[in-house]
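The lines below spell out each chain.
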Amino acid sequence: MKKIKLKTAKSGSQLVLETLKDLGVDIIFGYPGGAMLPLYDAIHGFEGIQHILARHEQGAVHEAEGYAKSSGKVGVVVVTSGPGATNTVTGIADAYLDSVPLLVFTGQVGRASIGKDAFQEADTVGITAPITKYSYQIRDTADIPRIVTEAYYLAHTGRPGPVEIDLPKDVSTIEVTEINDPKINLPNYHATEHADKNQLSKLLTQLSVSKKPLVIAGGGINYAEATEELRAFIDKYHIPVVSTLLGLGTVPVENPLQLGMGGMHGSYASNMALVEADYIINFGSRFDDRLVSNPTRFAENAVVAHIDIDPAELGKIVKTQIPIVSDLKEALQILVSADRVTTDFDEWTAHVLENKHRAPFSYGKVNDFIRPQQAIEWIGQYTDGDAIIVTDVGQHQMWAAQYYPYKNPRQLITSGGMGTMGFGVPAAIGAKLAHPDKNVILFVGDGGFQMTNQELALLNGYHIPIKVVLVNNHSLGMVRQWQESFYDERRSQSVFDAEPNFQLLAEAYGIKHLKLEDPKTLSEELKILSEDVPMLIEINISQAEQVLPMVPAGAHNDEILGVYFTDGTDAITGASEEVNHA
Amino acid sequence: MRRMIIARLHNVTGILNRFTAVLNRRQVNIISISAGVTENQELTHTTFVVEVDSLGEIEQIIKQLNRLIDVIEVADITDLPHVAREVVLIKVSAPPERRAEIFTMIDPFRVNVVDVNRENVTIQLTGDSDKIEALIDLLIPYGIIRMARTGSAGFERG
Ligand SMILES: Cc1ncc(C[n+]2csc(CCOP(=O)(O)OP(=O)(O)O)c2C)c(N)n1
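Every value quoted in this text rests on a predicted model; they were computed, and no experiment measured them.

Engineer: Explanation requested: the domain arrangement of chain A in the structure shown.
Structural biologist: How big an interface is tends to be reported as the loss of accessible area on association of its parts. Residues and elements named next belong to chain A. Per the domain assignment, the segments making up chain A are domain 1 (3-180), domain 2 (197-358) and domain 3 (372-548). One C-alpha centre belongs to domain 1, the other to domain 2, and the line joining them spans 38 Å. Listed by partner, the interface residues are seven residues for domain 1 and six residues for domain 2. Carbon and sulfur atoms supply 54% of the area that domain 1 and domain 2 bury against each other, a total of about 620 Å² over both sides. Taken as a group, Leu97, Asp98 and Arg159 account for 62% of the area that domain 1 buries against domain 2, more than any other trio of residues on that side. Counting every contact that joins domain 1 to domain 2 gives two salt bridges. Close ionic contact of Arg159 with Glu313 constitutes a salt bridge, the shortest N to O distance being 2.7 Å. Looking at the side of domain 1 that touches domain 2 residue by residue, the class counts come to two nonpolar, two polar and three charged.

Engineer: Would you take a moment to explain the sheet that holds strand β1 (residues 2-10) of chain B for this structure?
Structural biologist: Backbone hydrogen bonds are what pair the strands of a sheet, in a parallel or an antiparallel way. Residues and elements named next belong to chain B. Within the open sheet, the four strands sit side by side as β2-β3-β1-β4. Their pairing is antiparallel. At either end of the open sheet lies a strand with only one pairing partner, and these are β2 (29-37) and β4 (71-76). Each adjacent strand pair in this sheet contributes to an overall mean axis angle of 15°, direction not counted. Here β1 runs beside β4; their pairing, made up of five bridges, is antiparallel. For Ala7, the partnering residue across the bridge sits in β4 and is Val74. Across the sheet, helix α1 (residues 15-25) touches β1, β2, β3 (43-51) and β4, and the angle it forms with β3 is around 20°.

Engineer: I would appreciate a short explanation of the UniProt feature "domain: ACT" (unreviewed entry) in chain B in the present structure.
Structural biologist: As recorded in UniProt, the sites labelled "domain: ACT" (unreviewed entry) are residues 4-79 of chain B. Secondary structure across residues 4-79 of chain B comprises 30% helix and 41% strand; the distance between its end C-alpha atoms is 9 Å.

Engineer: Teacher, can you tell me more about helix α2 (residues 55-66) of chain B here?
Structural biologist: A turn of α-helix holds 3.6 residues, and therefore any two residues three or four places apart point the same way. Its twelve residues place the ends of α2(B) 16 Å apart at the C-alpha level, agreeing with the 16 Å of an ideal helix rising 1.5 Å per residue. If you follow the buried residues of α2(B), they end up packed against β1, α1, β3 and β4 of chain B.

Engineer: In this structure, what is going on with the nonpolar core? I would like to understand it.
Structural biologist: Side chains of a nonpolar character, in soluble globular proteins, are inclined to be buried together. Among the nonpolar cores identified, the biggest contains 51 residues, and A:Leu203, A:Leu207, A:Phe233 and A:Phe283 are the most heavily contacted of them. Ranked by size, the runner-up nonpolar core spans 42 residues in total, among them A:Leu102, A:Val104, A:Val440 and A:Leu470.

Engineer: Whenever I open this one, the sheet that holds strand β2 (residues 27-31) of chain A confuses me. Can you help?
Structural biologist: Residues and elements named next belong to chain A. Sheet architecture is open: six strands sit in the order β3-β2-β4-β5-β7-β6, paired in parallel fashion. Whereas interior strands pair on both sides, the edge strands pair on one side only; in this sheet they are β3 (50-53) and β6 (134-137). Across the sheet, the axes of successive neighbouring strands diverge by a mean angle of 20°, strand direction being ignored. Strand direction decides the pairing type here: strand β4 (residues 75-79) and strand β5 (residues 102-108), joined by five bridges, are parallel. By the bridge assignment, Gly75 is partnered in β5 with Leu102.

Engineer: I'm lost on the site of the ligand in this one. Help?
Structural biologist: Residue and element names in this part refer to chain A. Lining the immediate surroundings of the ligand are 17 residues, of which Gln395, His396, Gly419, Gly448 and Gly477 lie closest. Residue Met421 places a main-chain N or O atom 3.3 Å away from a nitrogen atom belonging to the ligand. Interatomic distance of 2.8 Å between a backbone N/O atom of Gly477 and an oxygen atom of the ligand. Of all the secondary-structure elements, those providing two or more residues to the shell around the ligand are α17 (395-403), α19 (446-452) and α21 (477-486). Broken down by element, the residue count for the shell around the ligand peaks at four residues, all from α19. Per-class residue counts for the shell around the ligand are six nonpolar, ten polar and one charged.

Engineer: Teacher, can you tell me more about the interface of chain B and chain A here?
Structural biologist: Taken residue by residue, the interface counts twelve residues in chain B and 19 residues in chain A. In total, chain B and chain A occlude about 1200 Å² of area from one another, counting both sides; carbon and sulfur atoms represent 48% of this. The three residues of chain B that bury the most area against chain A are B:Arg18, B:Arg67 and B:Ile69, which together make up 49% of that side's buried surface. Taken together, the links from chain B to chain A amount to one salt bridge. Its salt-bridge partner being A:Asp310, residue B:Arg67 comes within 2.3 Å of it at the nearest N-O pair. Within the residue set of the side of chain B that touches chain A, elements represented by two or more residues are α1, α2 and β4 of chain B. A per-element tally of the side of chain B that touches chain A places α2(B) first, with three residues. Split into classes, the residues belonging to the side of chain B that touches chain A amount to three nonpolar, four polar and five charged.

The rules behind each value
Residues numbered from 1 in each chain as written. Chains lettered and ligands numbered in written order. Predicted model: local features only at pLDDT ≥ 70, side-chain atom pairs only at ≥ 80, totals over all residues. Heavy atoms only, no water. Domains from an automatic or database assignment. Contact = heavy atoms within 4.5 Å. Buried area = accessible area lost by both parts, 1.4 Å probe. Salt bridge = Lys/Arg side-chain N within 4 Å of Asp/Glu carboxyl O. Nonpolar A, V, L, I, M, F, W, Y, C, P; charged D, E, K, R; others polar. Pairing = 2+ DSSP bridges. Helix = DSSP H or I, 4+ residues; strand = E, 2+ residues; numbered from the N terminus. Axes fitted to C-alpha atoms, helices over the stretch in contact; angles between N-to-C directions. UniProt positions renumbered as here; feature names shortened; annotations may be inferred. Expected span 1.5 Å × (residues − 1). Core = buried A, V, L, I, M, F, W, Y, C linked by side-chain atoms within 4.5 Å. Buried < 20%, exposed > 50% of the residue type's maximum accessible area, 1.4 Å probe, protein only. Near = heavy atom within 4 Å. Polar contact = N/O pair within 3.5 Å; in protein donor to acceptor, adjacent residues only side chain to side chain.

Structure follows, in structure tokens:
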């Protein structure tokens, strides 16, 4: 192997930091500990990279995720061995399921102690192997520049994902005067997949013979930076669009062709269109079961085209007649610039759009309690649909998906694949650090808030003026809703009898706070969101609030419950008992 | 159904672990594994025989295996012309009075006798899995004391 002489001797830790800096990393999220002391010592006084001290390693990873998801850059995390590393597992798995580019450095005990149950030793590579795109354990200090460069490259190219680097303490301490060739050496890794032109022309040919086409816009559109191309394609052919949770914003809500989110808590129009379509073109969604619900009956009458950068996604869940492995941006560019095929979708488009107006997301407005849906609508107005919206997981997440008027890519930062409670507070911090000039609003439930609220300590410390909107229903709302719907209203362990005083908690962290309980004054009070300081806005809502409509797990997309029609026709009362319990 | 999968892998620590973890996650039963370095010291050739429910399943699994960074190539060679060999060692009870009978029985298999003592013999056979299974069936009635199989090693012909 080629060796490169260094001008001065450098420690492993210095090599880590310098390589990161050369790669363009300017911020890392972390938490120190014994095995990482050498690296932390090197961080002290190192110029050009800001270190954000989390209050829990799970927080550090979600912060890096929020940063990466909202910016497209690689999020970098540094934690110590053993408990530090195991605390990152949830965040790594979260990043894996949502294809978030992350580089996670975990400390490790010295090489001589590995495998001997040393103090604070855990088999981190073993633990994280199934939830990372790749993992390394660095055995030789001279390999650090290559491995860090390679890992960074792996994290953000192809299908992005988390990459783990386990760094034994002695490897980071040793000083070397020469390093191994830092060139990336991944002969079998395909960073980009190029669209097959024949397959793409098949996609268009099928479009010319279909009468009821539908586009699914997934999170992959964000990752491929393909928003413009997607919008151009849709406009060119006037095809209606169903967004996935992670695809919201890629086509603005106000675009008439946007039917809204599809799937479990998706719109009536989207779910009906999924059932009625004769041609489904999926751009960068992995047909998650929250969208597809029942794969055996999904798209029964439709030809399916699926474009994804990861071949393993094609045909994994839904039978696909036109599978295309490609970078989405490239594929869409070719599709948009290709000669227009003749189409006639007028009748179909009119029909699905009518559904959109017949059954929009809706809720009764007169109420003794604040309606969370209405609060989100107002926030949408006050922020002109332009804020970065971060959510935790639960009912509030779905309301935020349904009622905020998204218009930009990477605008909704949420835990889609894992559904990780505790994601919200730290992810909002990361998003704000990536976009200091944007209004970042977090919607979080009282349950998930209590999982990572220690990260509030960062708001003042680092001047991170996010707005935490705590939607308090005094319960684990989403769990409670399932119990109410499918478990004979037995609210087992889903209602909080005792809760902390969240106002005092915010006070303890020194941030502005207020509690809103009156529906009549809410609209005025919410205007406080325009102030550029960190704040906690607690909104008290009814404990009985439900997220509707709903496609029960395993039901067909048109077996949708809780739809209300604006023209006064009967609401669909729903699926069969059998389906409810599926 | 049984499928024979071959793979060329980077010979790095943990790769077999990652490879089998994909099968494990999909709850695929591994019937046999063999692995060893190739003409290129940096590569390992592996042969897996697995049990799956459908061709679609194995196709999907191969895509997931291909996604591993250290996997160079994976293929299902079951339906392709291929060569595959396995070695088995069988220690069978062979008291002097039955020994001649056993040897006549197994003679057509062209086995090697690799160890002998008063009460038993150890037989080595190389062949495809069918042949090995046929031999095992034949020896069961005599009392197999111990048996070790390497699992198939193979690749496409031509
Ligand atoms: C870490 C974790 N544990 C458990 C769950 C299961 N779960 C999903 S939603 C939910 C309730 C969330 O309650 P809350 O945070 O108050 O939000 P709400 O639904 O009330 O808006 C739970 C427990 C989860 N998603 N993540």
